[in-house]
Amino acid sequence: MMRGSLLPRCSNSIFPPPPNSNRLRPPFLKRLSAPTAAPSGAQSRLTFSQNYRTAPNRLRSSVSESQWKQDREMATGDELQDPRIARISSAIRVIPDFPKPGIMFQDITTMLLDTKAFKDTIDLFVERYRDKNISVVAGVEARGFIFGPPIALAIGAKFVPMRKPNKLPGEVISEEYSLEYGTDKMEMHVGAVEAGERALVIDDLIATGGTLCAAVKLLERVGVNVVECACVIELLGLKGRERLGDRPLFVLVNAT
Ligand SMILES: O=P(O)(O)OC[C@H]1O[C@H](OP(=O)(O)OP(=O)(O)O)[C@H](O)[C@@H]1O
Ligand SMILES: Nc1ncnc2[nH]cnc12
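Residues numbered from 1 in each chain as written. Chains lettered and ligands numbered in written order. Predicted model: local features only at pLDDT ≥ 70, side-chain atom pairs only at ≥ 80, totals over all residues. Heavy atoms only, no water.

1. Considerations on the overall build of the protein
The helix and strand inventory of the protein stands at 8 helices and 10 strands. Residue burial in the protein is summarised as follows: out of 256 residues, 51% are buried. Intrachain contacts of the protein at a sequence separation of at least 6 include 68% that bridge at least 24 residues. Entry remark: accessible area of the protein is about 12,100 Å², with carbon and sulfur atoms responsible for 55%. (Helix = DSSP H or I, 4+ residues; strand = E, 2+ residues; numbered from the N terminus. Buried < 20%, exposed > 50% of the residue type's maximum accessible area, 1.4 Å probe, protein only. Contact = heavy atoms within 4.5 Å. Areas by Shrake-Rupley, 256 points an atom, 1.4 Å probe, with all protein chains shown as cover.)

What follows is the structure, given as structure tokens:
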């Protein structure tokens, strides 16, 4: 059955938002929004995002003062109001009740078919992270493997896969983490990164934040400075940001 094709693509663009839309809410209201589980058949809304957070209390012993200031400026930059985001948002398909009832699945595969939207997505990240002295792009399996490598190549960083358990052949360090239901484990090759390196962690989506948090912890355990986490989509209402604490997170679009 062509489940998703029957749905209109969610749009952020020039059309006025319907009643109760979360579109373009100020950031402080975003925190109060409903969880991802929505009444069956409801259309999830994707919103423009201005999601920047500082990391004021972060331990940055391996980072110079000027680099710290530069990072802070990056994390508190002007609100992102880029027209490319509307196209990206519209190209992401939303499938209700997948993989189980109540979940509004954010399907990025339709965005990958739209060559302009896919390129714009990569470009937006590259524009943000080039010239930031980032030597590592760490991508979270599986969907972080789609966005991470082109960004890494474009900014001149290496790509490090953060994998599900028992996939990497060499010596690994691992981190267990909890998800909405149950636990999972993430692994990284020992020696893939060195203490003092500057990393960007990338994934397609943040929901509860468990996955990104595990990736960050793995890197920090070996002395890597995680400059920022980045996702295409943030699912509002699941408190993913809270789980990340004061670590900066950058997202392109919000969804409920
Ligand atoms: O913020 P969280 O609650 O941790 O959820 C976010 C994670 O969930 C999805 O991966 P998932 O492992 O479900 O699917 P995959 O098999 O495509 O990697 C998504 O790609 C993120 O990695
Ligand atoms: N609603 C959702 N859509 C896509 N991927 C997800 N991972 C966790 N929640 C998700």
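2. Observations regarding the confidence of the model for the protein
Chain-level pLDDT for the protein is 78 on average; 69% of the residues reach the 70-or-more range. Counting contacts from residues 1-45, a segment whose pLDDT is below 50, to residues more than four positions away or on other chains yields 85 contacts. Counting contacts from residues 50-63, a segment whose pLDDT is below 50, to residues more than four positions away or on other chains yields 53 contacts. Of the two predicted TM-score estimates for the complex, the pTM is 0.77 and the ipTM is 0.98. (pLDDT = per-residue confidence, 0-100.)

3. Concerning the pattern of salt bridges
Summed over the entire model, instances satisfying the criterion amount to 13 salt bridges. Where Arg 87 meets Asp 114, a salt bridge forms, and the shortest distance between an N and an O atom there is 3.3 Å. Separated by 27 residues along the polypeptide, Arg 87 in helix α3 (residues 84-91) and Asp 114 in the loop between α4 (109-113) and α5 (115-129) bring together distant segments of the chain. The residue Asp 107 makes a salt bridge to Arg 93 at a minimum N-O spacing of 2.7 Å. One end of the pair, Asp 107, is in strand β3 (residues 104-107); the other, Arg 93, is in strand β2 (residues 93-96), with 14 residues separating them in the sequence. Classification of Arg 93 as partly exposed rests on a relative accessible area of 23%. Among the charged side chains, a network of salt bridges with common partners joins Asp 82, Arg 84 and Glu 127. (Salt bridge = Lys/Arg side-chain N within 4 Å of Asp/Glu carboxyl O.)

4. Some points on the site of ligand 2
If you check the shell around ligand 2, you find 8 residues, and the closest are Met 104, Phe 105, Gln 106, Arg 143 and Leu 235. Contact distances for ligand 2 include 2.9 Å between a nitrogen atom and a backbone N or O atom of Gln 106. Between ligand 2 and Arg 143 there is a distance of 3.0 Å, counted from a nitrogen atom to a side-chain nitrogen or oxygen. Broken down by element, the residue count for the shell around ligand 2 peaks at 3 residues, all from β3. For the shell around ligand 2, a count of residues per class yields 5 nonpolar, 2 polar and 1 charged. (Near = heavy atom within 4 Å. Polar contact = N/O pair within 3.5 Å; in protein donor to acceptor, adjacent residues only side chain to side chain. Nonpolar A, V, L, I, M, F, W, Y, C, P; charged D, E, K, R; others polar.)

5. Overview of the packing of aromatic side chains
For the structure on display, the rule yields 5 aromatic pairs. Among the aromatic residues, those joined into a ring-pair cluster are Phe 125, Tyr 129 and Phe 250. Geometry around Phe 250 places Arg 128 over its ring, the cationic atom sitting 3.9 Å from the centre. (Phe/Tyr/Trp six-rings, centres within 6.5 Å; stacked < 30°, edge-to-face > 60°. Lys NZ or Arg CZ within 6 Å of the ring centre and 35° of its normal.)

6. Some details on the UniProt feature "domain: Phosphoribosyltransferase" (unreviewed entry) in the protein
In the numbering used here, UniProt assigns the "domain: Phosphoribosyltransferase" (unreviewed entry) feature to residues 111-234. Secondary structure content for residues 111-234 is 34% helix and 35% strand, while the C-alpha to C-alpha distance between its ends is 16 Å. (UniProt positions renumbered as here; feature names shortened; annotations may be inferred.)

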